[in-house]
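Each chain, written out:
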Amino acid sequence: MLQNTSPTGLSTSSRSLWQRIIRNYDLYLFILPALIWYLVFTYGPLYGVQIAFKNFNGALGIWGSPWIGFKHFRNFLTAYSFPILLRNTILLSLYSLVAGFPFPILLALMLNELGFKRYKKIVQTVTYAPHFISMVVMIGMLTLFFSPSMGVFNSIREVFGLQSVSFLTRPEMFRHLYVWSGVWQGMGWGSIIYLAALSAVDPEQHEAAIIDGASRLQRIRYINIPVLLPTITILLILNCGSILSVGYEKVLLMQNDLILDTSEVISTYVYKRGLLRAEYSYSSAVGLFNNVVNVTVLLLVNTVVRKLGQSSLF
Amino acid sequence: MSRLIRESVGDRVFLIINFILITMLFLIIAYPLYFVIIASISDVDYVSTGRVILYPIGINFEGYRRVFSDSLIMTGYRNTIFYTVVGTLFNLTLTIPAAYALSKKDLVGRNFLMGIFAFTMYFSGGMIPTFLLVRDLKLLDTWWVLILTSGVTCYNLIIARTFFQNGVPQELEEAAVIDGCSRVRLFISIVLPLSRAIIAVLALYYGIARWNSWFPGMIYLDSRAKAPLQLILRDILIENQQMALDETGIGTEAEAIRLKLATLLKYCLIIVSSAPVLIVYPFLQKYFNQGVMLGSIKG
């Protein structure tokens, strides 16, 4: 550094750095609005996370409230409901992962073999459609189809002389309804990324395989699936990383008092304790705990996959 | 057909099974949507007894007439249009210039800034601290709360940045700079017109998220006059809040009629609220695909 010192006292490298920054000042102005929004609305709440370690008192504010350490975390981890919440959360997301993950891959592989271009396009358009339906409408449809008095499912059951079943108030039905409605809604959209990967396959590879007498199944097994593997790995990492982060929106919409045993998950618990009962500190602690576990799991899975020599997220 | 003949027997069997399976999946996904449409224009009695299966029976538009004359729903509709249009503009104004600047490889601190944006994707303050912040900013129950609380989505920022890195020819920009064009002019008159595809993708992603969102409305808004459509839908579809129906008779028969009417209205509401999105998106499908592909490129 010393031998590069210029007459102005600044090293040439740092001066050129400043020059590069000043020359691009307008680019920084382009970023400024987004950055300000980010600092206020996503880093602002991070500042507020400290109330998880405090006894939040509205009059004293976030900064002024007294510290109490890990009391809220201890309370949560020893709470009667903790094991139930943990079990419900893990079961729901594992079930969603196991049932939901293969379908987009299968759909993509199948669509890739479909010869009729027009039909393929129609199938794609229709299978993507549920993705654009709002969660409220999705659960509204579920409620309509499965309602005991006016629901279609039960009218069909009655035609066959079966008893009408109140699917939506049966705790053991909750997970099935949650997961399979999710598969219905997400399968088509999820297949796009795999179709994109498949479209990148060099056609010559397939032609060579055909000349060598490979059947379609063999070509899928030895050409298409290996092509999809990196994408599959990355999506699996992401999915495993969010094993403890079941979203609250869909669960809240499906919930009723009769199915709390199976449907109460950590995020809905945070919402109820925090916003409905205004226990801000306690629920922030639960949310923070959940977040830390999520990030840890994500990093762990990512490290393991990288060690195994597969493509990883970071 | 000629193509099918060239296939071996095994492959032909495979193709036929493949075709059947796809068609089954297609029907499983399409049928519930189709059913809602035919149920919304059928006589409720036939729907609730399971006789409406393949086509509407007793076609009438009574449900739609009532939905469109309900003031609460129409207010929600107007509010949602406001939130979607203004909100999406807000999202785009924040995201597009930032993504453009971040796409410049010689920008000092580019990775650091990207890190700032990406960090909260994995680690965020969570629901409660966010709520307290919005409360402290005195935004609760204002027209602006839903607009302001959603700004830049990191995923969309990355998509746009990837697009600008590859989509706009560098030579064109350099030539414009040599000709004495300022960065702002360059961006507005050269880069933006070349970036219609990415603007469309982001507008759709942001717009649909805005149209479909209900939870922020539920926690940040008190007054029904400001509620977005999805929130009102939730009350009617899921919480079974009755719409203001004219028949206010007493007794089981009046009750039964009311229940039937409420069911019919739900089918109509699903169509009325989802139609804008479902009608728009097939025309823009190629852009959606483009967006997913841009997002899947690492970097």
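All values reported here derive from a predicted model rather than from experimental measurement.

### Observations regarding the overall build of chain B
And step 1. Per the secondary structure count, chain B includes 16 helices and 0 strands.
And step 2. Relative to the compact-globule value of 19 Å for 299 residues, chain B shows a C-alpha radius of gyration of 25 Å, a clear excess of over 25%.
And step 3. With the principal axes as the frame, chain B shows a C-alpha extent of 80 × 70 × 35 Å.

### Examining the overall build of chain A
And step 1. When helices and strands are tallied, chain A shows 16 helices and 0 strands.
And step 2. The C-alpha radius of gyration computed for chain A amounts to 26 Å, which surpasses the reference 20 Å derived for 314 residues by more than 25%, pointing to a less compact arrangement than a globule.
And step 3. The principal-axis extent of the C-alpha atoms belonging to chain A is close to 90 × 70 × 35 Å.
And step 4. For chain A, the proportion of its 314 residues judged to be buried stands at 34%.
And step 5. Sequence separation of at least 24 residues holds for 65% of the intrachain contacts in chain A that already meet a minimum separation of 6.

### Regarding the nonpolar core
And step 1. Counting 112 residues, the largest nonpolar core has A:V136, B:A98 and B:A160 as the members making the most contacts within it.
And step 2. Counting residues in each nonpolar core, the second largest holds 16 residues, with A:I105, A:A108, A:A197 and A:L228 among its members.

### Brief notes about the interface of chain A and chain B
And step 1. Across the contact, 70 residues belong to chain A and 79 residues belong to chain B.
And step 2. At 14 residues, the largest contribution of residues to the side of chain A that touches chain B is made by helix 2 (residues 25–48) of chain A.
And step 3. Of the residues that constitute the side of chain A that touches chain B, the class distribution is 47 nonpolar, 18 polar and 5 charged.

### Digging into the domain arrangement of chain A
Residues and elements named next belong to chain A.
And step 1. Each assigned domain of chain A is listed with its residue range as follows: domain 1 (2–64) and domain 2 (71–307).
And step 2. At the interface, 6 residues of domain 1 touch 6 residues of domain 2.
And step 3. Residue classes in the side of domain 1 that touches domain 2 are distributed as 4 nonpolar, 1 polar and 1 charged.

### Observations concerning the domain arrangement of chain B
And step 1. Domain annotation for chain B reports domain 1 (1–60) and domain 2 (71–226 + 283–296).
And step 2. Computed over C-alpha atoms only, the centres of domain 1 of chain B and domain 2 of chain B are separated by 38 Å.

### Side note on helix 6 (residues 110–122) of chain B
And step 1. Relative to the 18 Å expected for 13 residues at 1.5 Å per residue, helix 6 of chain B spans 19 Å between its end C-alpha atoms, a close match to the ideal helical length.
And step 2. Residue B:I116 marks the point of greatest curvature in helix 6 of chain B, where the axis turns by about 25°.

### As for the environment of A:F53
Residue and element names in this part refer to chain A.
And step 1. In this structure, F53 sits in the loop between helix 2 and helix 3 (61–64).
And step 2. Classification of F53 by C-beta neighbours within 10 Å gives partly exposed; the count is 19.
And step 3. For F53 and S281, which are 228 residues apart along the polypeptide, the C-alpha to C-alpha distance reads 7.3 Å.
And step 4. Those residues in contact with F53 that sit more than four places away from it in its chain are W67, I68 and G69.

### Remarks on helix 16 (residues 280–307) of chain A
And step 1. With 28 residues, helix 16 of chain A should reach 40 Å at 1.5 Å per residue; the first-to-last C-alpha distance of 40 Å fits that figure.
And step 2. Among the residues of helix 16 of chain A, those classed as buried are A:Y280, A:S281, A:Y282, A:S283, A:S284, A:A285, A:V286, A:G287, A:L288, A:F289, A:N290 and A:L298.
And step 3. Considering only its buried residues, helix 16 of chain A is in contact with helix 4 (71–77), helix 12 (216–241) and helix 15 (266–276) of chain A together with helix 6 and helix 7 (127–136) of chain B.

### As for the packing of helix 6 (residues 102–113) of chain A against helix 12 of chain A
All names here are of chain A.
And step 1. For the pair helix 6 and helix 12, the least separation of the axes is 11 Å and the interaxial angle reads 135°. The orientation of helix 6 relative to helix 12 falls into the category oblique. Between helix 6 and helix 12 lies a crossing of right-handed hand. From helix 6, I105, L109, N112 and E113 reach across to helix 12, where they touch R216, I220, N224, L228 and I232.

### Points about the environment of A:N75
Residue and element names in this part refer to chain A.
And step 1. Its location among the elements puts N75 in helix 4.
And step 2. C-beta crowding within 10 Å serves as the criterion here: with 13 such atoms nearby, N75 is assigned to the partly exposed category.
And step 3. Put simply, N75 and Y282 are 207 residues apart on the chain and 8.5 Å apart in space, counted from C-alpha to C-alpha.

### Description of the packing of helix 16 of chain A against helix 7 of chain B
And step 1. It is the contact of helix 16 of chain A with helix 7 of chain B, at a shortest axis distance of 7 Å, that shows an interaxial angle of 135°. When the axis of helix 16 of chain A is compared with that of helix 7 of chain B, the two are oblique. Between helix 16 of chain A, through A:Y280, A:S283, A:S284 and A:G287, and helix 7 of chain B, the contact on the second element is made entirely by B:M127, B:I128, B:P129 and B:L132.
And step 2. Looking at the contact of helix 16 of chain A with helix 7 of chain B residue by residue, the classes come out as 5 nonpolar, 3 polar and no charged.

### Some remarks on the environment of B:I37
And step 1. As for its position among the elements, B:I37 is in helix 2 (residues 9–40).
And step 2. Each C-alpha atom, one on B:I37 and one on B:A101, is 46 Å from the other, the two residues being 64 residues apart in sequence.

### A look at the confidence of the model for chain A
Interpretation of this model should avoid reading the predicted coordinates in detail wherever pLDDT is low.
And step 1. Here chain A shows a mean pLDDT of 87. Residues at 70 or above account for 93%.
And step 2. Below pLDDT 50 for its whole length, residues 1–10 of chain A participates in 8 contacts with residues either more than four positions away or in separate chains.

### So, unusual backbone geometry
Most peptide bonds are trans, and most residues other than glycine sit at a negative phi.
And step 1. Of note in this structure, A:A278 is not a glycine but carries a positive phi near 55°.
And step 2. For A:A278, the location among the structural elements is in the loop between helix 15 and helix 16.
And step 3. Residue classification places A:A278 among the exposed residues on the basis of 12 C-beta atoms within 10 Å.
And step 4. With a phi angle near 60°, B:K138 is a residue other than glycine that sits in the positive phi range.
And step 5. Relative to the elements of secondary structure, B:K138 occurs in the loop between helix 7 and helix 8 (145–148).
And step 6. The exposure class of B:K138 is exposed, given the 9 C-beta atoms found within 10 Å.

Analysis parameters
Residues numbered from 1 in each chain as written. Chains lettered and ligands numbered in written order. Predicted model: local features only at pLDDT ≥ 70, side-chain atom pairs only at ≥ 80, totals over all residues. Helix = DSSP H or I, 4+ residues; strand = E, 2+ residues; numbered from the N terminus. Rg over C-alpha atoms; globule rule 2.2 N^0.38 Å. Buried ≥ 20, exposed ≤ 12 C-beta atoms within 10 Å, placed from the backbone. Contact = placed C-beta atoms within 7 Å. Core = buried A, V, L, I, M, F, W, Y, C linked by C-beta atoms within 7 Å. Nonpolar A, V, L, I, M, F, W, Y, C, P; charged D, E, K, R; others polar. Domains from an automatic or database assignment. Expected span 1.5 Å × (residues − 1). Bend = angle between axes of the 7 residues up to and from the residue. Axes fitted to C-alpha atoms, helices over the stretch in contact; angles between N-to-C directions. Parallel < 35°, antiparallel > 145°, perpendicular 65-115°, else oblique. Left-handed = near helix turned anticlockwise from the far one by under 90°. pLDDT = per-residue confidence, 0-100.

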